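Below, each chain spelled out in residue letters.
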Amino acid sequence: MGMTDSQFKGFVRFVLDDIKEVLETLEEGKEKEKLKKVASNLQQTLED
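### Structural notes on the pattern of salt bridges
- Counted under the stated rule, the structure contains three salt bridges.
- The salt bridge involving Lys36 is made with Glu28; its shortest N-O contact spans 4.0 Å.
- Residue classification places Glu28 among the exposed positions, given a relative accessible area of 58%.
- A salt bridge links Lys36 to Glu33, with the nearest nitrogen and oxygen atoms 3.6 Å apart. Of this pair, Lys36 and Glu33 both sit in helix 2 (residues 30–47), three residues apart, roughly one helical turn.
- Assessed through its relative accessible area of 36%, Lys36 is described here as partly exposed.
- For Glu33, a relative accessible area of 42% translates into the label partly exposed.

Rules of the game
Per chain, residues are indexed from 1 in the order of the written sequence. Restriction of local features to residues with pLDDT of at least 70 applies here, the model being predicted, together with a cutoff of 80 or more for giving and counting side-chain atom pairs; totals for whole chains, interfaces and linings are based on all residues. The side-chain figures draw on all heavy atoms in the structure; neither hydrogens nor water molecules are used. Should a side-chain nitrogen of Lys or Arg be within 4 Å of a carboxyl oxygen of Asp or Glu, the pair is scored as a salt bridge. Each residue is assigned to one of three classes by its accessible area relative to the maximum for its type, calculated with a 1.4 Å probe on protein chains only: buried under 20%, partly exposed between the two thresholds, exposed over 50%. Each helix is a run of H or I in the DSSP string that is no shorter than four residues. Each strand is a run of E no shorter than two, and both are numbered from the N terminus.

Structural data, given as structure tokens:
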């Protein structure tokens with residue numbers, strides 16, 4: 001059973017929100033930059 005577009009976008013928003021919360025707590029470094037890239041890619045998925 002697959003997801004509808006609305007369900008998928010809801011899931012992406014949920015994950016993106018959690019990633020943004022984690023980014024607020026991380027110090028600058030490789031891990032933070034990688035998470036920023038993941039967040040950016042998820043945001044782009046929502047906008048497409």
